[in-house]
Amino acid sequence: MAEETAFALWLVPGGAPRARLQELIEALARETGGPAFAPHLTLLGGLRGDGGDLAAKLRSLGARRPIALEARGPATGSAYHQCVFVDVAPTEPLAALRRAAATALGARETPFRPHVSLVYGDLPADRRQALAADPRVLALAGEAWRAERLELWAVEGEAERWRCVDGIALVSP
């Protein structure tokens, strides 16, 4: 039997927005001493199992359309992986994709606050607030992004060790 690993299913923006988000995440990581990571919205977290099995279940979702993501204002949290982030509007297409993915991957229902993290870390509240008020972060509010991929990531250990196991393109008809 294969060893179980922790996985997450990410919704990944494409094109120029992805590149801009990646540049900002890397700049903020340098400034805070935290890790850099790929821009994403975690559609499902806490997945456990064999990567090959989960990848096959992901592919069973079949063809799906790209999802519009509407960035709302920046926010902060006390969780390491939600230190500084941008809330994303909880639209019905996003919720429907999450339900379909949860069914396909056998994930249990958990609370969902769609967001795109910009900083991981255990920073003091005043530092988190200052980062959320940074003009580069504030400029993201109101942006519209197009999620073009679903990716299954092995998220065991430190963020620098995470790796994409499989993914599917979200394509227009």
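In what follows, the accompanying structure is described. Given the structure is predicted, the values throughout are model-derived calculations rather than measurements. (Residues numbered from 1 in each chain as written. Predicted model: local features only at pLDDT ≥ 70, side-chain atom pairs only at ≥ 80, totals over all residues. Heavy atoms only, no water.)

### Considerations on the layout of surface pockets
Just so we agree on the cut-off: Using a 1 Å grid laid over the protein atoms alone, points where a 1.4 Å probe fits but cannot get out form a cavity; open sets with protein on both sides within 12 Å along at least 5 of 7 lines form a pocket; any residue with an atom within 4 Å of a point counts as lining. Grid points are joined across faces, edges and corners, and a volume is the space filled by probe spheres set on the points. Here a helix means four or more residues in a row that DSSP labels H or I, a strand means two or more in a row labelled E, and each is numbered from the N terminus. Put simply, Ala, Val, Leu, Ile, Met, Phe, Trp, Tyr, Cys and Pro go in the nonpolar bin, Asp, Glu, Lys and Arg in the charged bin, and everything else, Gly too, in the polar bin.
The space that makes up the largest pocket amounts to roughly 670 Å³. Along the wall of the largest pocket there are 33 residues; nearest its centre are A8, T42, L44, G45 and G46. Of all the elements in the fold, those that place two or more residues in the lining of the largest pocket are β1 (5-13), β2 (41-49), α2 (51-59), α3 (92-105) and β5 (115-119). At 7 residues, the largest contribution of residues to the lining of the largest pocket is made by β2. Grouping the amino acids of the lining of the largest pocket by side-chain chemistry returns 18 nonpolar, 10 polar and 5 charged.

### Digging into helix α1 (residues 15-32)
Rules: The span you would expect from a helix comes to 1.5 Å times its residue count less one. For every residue, the accessible area obtained with a 1.4 Å probe (protein chains only) is divided by the maximum for its type, and the residue is called buried under 20%, exposed over 50%, and partly exposed between those limits. We call two residues contacting when some pair of their heavy atoms lies within 4.5 Å.
Under the 1.5 Å per step criterion, the end-to-end length of α1 is 26 Å for 18 residues, consistent within 8% with the ideal 26 Å. Along α1, the residues classified as buried are P17, L21, Q22, L24, I25, A27, L28, A29 and T32. Taken together, the buried residues of α1 touch β1, β5, α4 (125-132), α5 (135-138) and β6 (144-154). The first or second residue beyond α1 is G33, which carries a positive phi of 80°.

### Observations regarding the side chain of E143
As for its position among the elements, E143 is in the loop between α5 and β6. Dropping the residues within four chain positions of it, E143 is found in contact with R20, L69, E70 and A71.

### Thoughts on the packing of aromatic side chains
Note the following rule: Working definition: a ring pair exists when centres of Phe, Tyr or Trp rings (six-membered ring for Trp) sit within 6.5 Å. Plane angles under 30 degrees give stacked, over 60 give edge-to-face, the rest tilted.
Enumeration according to the criterion identifies 5 aromatic pairs in this entry. Ring centres of W10 and W153 lie 4.2 Å apart, and the angle between their planes is 20°; this geometry places the pair in the stacked category. Taken as a pair, W10 in strand β1 and W153 in strand β6 lie far apart in primary sequence, 143 residues in all. Each member of the pair, W10 together with W153, is buried. Each ring, one from W10 and one from W162, has its centre 6.1 Å from the other, and the planes form 65°; the classification is edge-to-face. One end of the pair, W10, is in strand β1; the other, W162, is in the loop between β6 and β7 (163-169), and 152 residues separate them in sequence. Across the pair, W162 and W10 agree in class, each one buried. Of the aromatic side chains, those joined through ring pairs into one cluster are W10, F37, Y80, Y120, W153 and W162.

### Some words on the nonpolar core
The test is simple: Among the buried residues, those of types Ala, Val, Leu, Ile, Met, Phe, Trp, Tyr and Cys that are joined through side-chain atoms within 4.5 Å form a nonpolar core.
Core analysis: the largest hydrophobic core is formed by 54 residues, its most contacted members being L11, L69, L118, W145 and L150. No other element matches the 7 residues that β1 contributes to this core. Non-local contacts of L69, meaning those with residues more than four positions away in its chain, are made with L11, L41, V88, L94, E143, A144, W145 and A147.

### A closer look at the pattern of salt bridges
Convention followed: Any carboxyl oxygen of Asp or Glu that lies within 4 Å of a side-chain nitrogen of Lys or Arg is treated as forming a salt bridge with it.
Tallied over the entire structure, the rule returns 10 salt bridges. A salt bridge links R98 to E109; its shortest N-O distance comes to 3.7 Å. With R98 in helix α3 and E109 in the loop between α3 and β5, the pair connects residues that are 11 residues apart, well separated along the chain. The partner of R136 in a salt bridge is D134, and the shortest N-O contact between them spans 2.8 Å. Given a relative accessible area of 15%, D134 falls into the buried group. Through salt bridges with shared partners, a single ionic network connects E31, D134 and R136.

### Focus on α2
Two residues of an α-helix separated by three or four positions point the same way, owing to the 3.6 residues in each turn. Note the cut-off: The directions from the helix axis to the C-beta atoms form the arc being described. Between N or O atoms, a polar contact is any pair within 3.5 Å; within protein, one atom must be a potential hydrogen donor and the other a potential acceptor, and residues adjacent in sequence are included only when both atoms are from side chains.
The complete set of buried residues in α2 reads G51, L54, A55 and L58. Axial view of α2: buried residues confined to an arc of 100°, hence all on one face. Buried residues along α2 sit against β1, β2, α3, β6 and β7. Among the residues of α2, the N-terminal cap falls to D50, whose side-chain oxygen and the backbone nitrogen of G52 are separated by 3.1 Å.

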